[in-house]
Each structure stands twice: as C-alpha cells, then as structure tokens.
Amino acid sequence: MEILDRPAPPTGLRRLLWRLPIRLYRMGLGPLLGHRVMLLTHTGRVSGLPRQVVIEVVQKDGHGYVAASGFGPRADWYRNVMAAPDVTLQIGGRRVQATAAPIPTGEGGEIMARYAPRHPTAARRLCKLMGFAVDGGVEDYRQVGRHIPFVRFTPRPPSPAS
C-alpha cells in the first residue's frame, strides 16, 4: 500500500454530483439505492443546523452500521458526528435513530480487510479515490483501513410515545 495523494473533499460541480443521492432520498427514492448506501442526517458542529450526506455502509452487524470517512478526518460529516453523535440514518425506506462512535484504528483495518474481498471492484475504486495505491492483497487493504476513520452507528431504542 502506498499513499499517493490524499484528496480534499469535492467542491463545485463534483460536490453537486456527489450530493445527487440526497435528492433521491428526499424524493422518496432511497430504496432504489439499496442497502449499501445510507442517508445520514446529523447536526452541523458550527451552525447547529441539520446536515445530510449519503455514505456507504461498509458493514452491518449486531452492533449497528459501519461507515468509512473516505476523505479522512477532514470530512465535514465526520467532524460533525464526532461533535454531536446523535444522528438519524435512512437505509432504503427505513429510518433509524443512532449514536455515532469512532472505531479504533486496528478494528478499522480488519473491517477494510473483510470488505475488500466482498466488494473487490468497489474497494479498488475507493482506494484510488482516497489516494491509496494497492496491489489488491488483503494486507494492503488492512493498511488502508488503518489510515481511514471508521464510524459505528449504533441504533438507539425508540423513544416512548408522549
């Protein structure tokens, strides 16, 4: 694994294209995106206003949903959920109230090592997009996973009706 150049989050037209799936969710078409992408609604750390981003679910397990911050700790959504961890997820047509928590670096490496064989084309493309050159070996992906912040979104029990 080699770190080539860690790109900054998208701006301009590229940002508009990245945000297109948010519009699909807002139009009620989120289920068309499947269960590997989720709409994350979080609170802006500076503005205090609701913010939304669509991110990939890299793992779902008994503890919740896991996502990676492909643009690293500089990504706005990552910084926001670290500051205000109570979030809402929408996966397909299902809404879930959750709490975000960072995943330790070593565990992130293992998550990426398991993700890559399940989704080899997506893993290669994501690594390239994030500025990593990989040879396709599991150890390379494990190293990449140690450089990317991962977040676990743990569902909260529903609030009692008032």
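Because the structure is predicted, anything quoted here is derived from the model rather than measured.

Basis of the calculations
- All chains use their own residue numbering, which begins from 1 and follows the written sequence.
- Owing to the predicted nature of the model, reporting of local features is limited to residues with pLDDT of at least 70; listing and counting of side-chain atom pairs is limited to 80 or more, with chain, interface and lining totals taken over all residues.
- As a rule here, side-chain values cover all heavy atoms of the structure and leave hydrogens and water aside.
- Secondary structure counts use DSSP, requiring at least four H or I residues in a row for a helix and at least two E residues in a row for a strand, with both numbered from the N terminus.
- Here the globule rule is a power law, 2.2 Å times the number of residues to the power 0.38, and the radius of gyration is based on C-alpha atoms.
- We call a residue buried when its accessible area falls under 20% of the maximum for its residue type, exposed when it is over 50%, and partly exposed in between, using a 1.4 Å probe and counting protein chains only.
- Residue contacts are defined here by distance: any two heavy atoms, one from each residue, within 4.5 Å place the two residues in contact.
- Put simply, two rings from Phe, Tyr or Trp (the six-membered ring, in Trp's case) pair if the centres are within 6.5 Å, and we call them stacked under 30 degrees between planes, edge-to-face over 60, tilted for the rest.
- Whether two strands pair comes down to DSSP finding at least two bridges between them.
- To obtain an axis, a line is fitted to C-alpha atoms, over the contacting stretch when the element is a helix, and the angle between two such axes runs from 0 to 180 degrees between their N-to-C directions.
- Between Lys or Arg on one side and Asp or Glu on the other, a salt bridge is scored when a side-chain nitrogen of the former is within 4 Å of a carboxyl oxygen of the latter.
- Whenever two N or O atoms come within 3.5 Å, that pair is a polar contact, provided that in protein one can donate a hydrogen and the other can accept it, and provided that, for residues adjacent in sequence, both atoms are side-chain atoms.
- The definition of a nonpolar core used throughout is a set of buried Ala, Val, Leu, Ile, Met, Phe, Trp, Tyr and Cys residues joined through side-chain atoms within 4.5 Å.
- Confidence of the prediction at every residue is given by pLDDT, a number between 0 and 100.

## A closer look at the overall build of the protein chain
Per the secondary structure count, the protein chain includes six helices and nine strands. Relative to a compact globule of 162 residues, whose C-alpha radius of gyration would be 15 Å, the protein chain shows 16 Å and is just as compact. In terms of its C-alpha atoms, the protein chain occupies a principal-axis envelope of roughly 55 × 35 × 30 Å. Residues counted as buried form 38% of the 162 residues belonging to the protein chain.

## So, helix 6 (residues 138-147)
Every buried residue of helix 6 is listed here: Asp 140, Tyr 141, Arg 142, Val 144 and Gly 145. Structurally, helix 6 contributes buried residues whose contacts are with helix 4 (105-118), helix 5 (120-129), strand 8 (132-133) and strand 9 (150-155).

## A short note on the packing of aromatic side chains
All chains considered together, the criterion is met by two aromatic pairs. Between Trp 77 and Tyr 78, the ring centres sit 6.1 Å apart and the planes meet at 85 degrees, which makes this aromatic pair edge-to-face. This pair shows no difference in class: Trp 77 is buried, exactly as Tyr 78 is. When the centroid spacing of 6.4 Å and the interplanar angle of 35 degrees are considered together, the rings of Trp 77 and Phe 153 count as tilted. Taken together, the positions of Trp 77 in helix 3 (residues 76-83) and Phe 153 in strand 9 put the pair 76 residues apart, joining distant regions of the chain. For Trp 77, a relative accessible area of 9% puts it in the buried group. Feature note: the residues Trp 77, Tyr 78 and Phe 153 constitute an aromatic cluster, connected by ring pairs.

## Some remarks on the sheet that holds strand 3 (residues 50-56)
Pairing in this open sheet of seven strands is antiparallel, and the strands run 3-2-6-7-9-5-4 from one edge to the other. If you trace the sheet from one side to the other, it starts and ends with strand 3 and strand 4 (59-61), each paired once. With direction set aside, neighbouring strand axes in the sheet form an average angle of 30 degrees. In this structure, strand 7 (residues 94-102) lies alongside strand 9, joined through five bridges in antiparallel fashion. Counted as the bridge partner of Ala 100 is Phe 153 from strand 9.

## Some points on the pattern of salt bridges
The tally for this structure, following the rule as stated, stands at eight salt bridges. Ionic pairing is found between Asp 76 and Arg 45, a salt bridge with its closest N-O pair at 3.3 Å. With Asp 76 in helix 3 and Arg 45 in the loop between strand 2 (37-43) and strand 3, this pair connects stretches of sequence that are 31 residues apart. We note a salt bridge from Glu 110 to Arg 142, for which the minimum N-O separation is 2.7 Å. With Glu 110 in helix 4 and Arg 142 in helix 6, this pair connects stretches of sequence that are 32 residues apart. Bridged by salt links that share partners, the residues Glu 110, Glu 139, Arg 142 and Arg 146 form one connected network.

## Quick look at the side chain of Gln 59
Looking at the element boundaries, Gln 59 is found in strand 4. A distance of 3.0 Å separates a polar atom in the side chain of Gln 59 from a polar atom in the side chain of Arg 114.

## Some thoughts on the nonpolar core
Across soluble globular proteins, you tend to see nonpolar side chains buried next to one another. Ranked by size, the top nonpolar core spans 20 residues in total, and within it Met 38, Leu 40, Ile 55, Trp 77, Val 87, Leu 89 and Phe 153 carry the most contacts. For this core, the secondary structure elements donating two or more residues are strand 2, strand 3, strand 5 (64-68), helix 3, strand 6 (86-91), strand 7 and strand 9. Residues within four places of Ile 55 in sequence aside, it is in contact with Arg 36, Val 37, Met 38, Leu 40, Ala 67, Trp 77 and Phe 153.

## Brief notes about the confidence of the model for the protein chain
Summary statistics for the protein chain give a mean pLDDT of 90 and a share of 94% for residues scoring 70 or more. In the model of the protein chain, strand 1 (residues 2-3) stands out as the element of lowest mean pLDDT, 69, in contrast to strand 9, which has the highest, 98.

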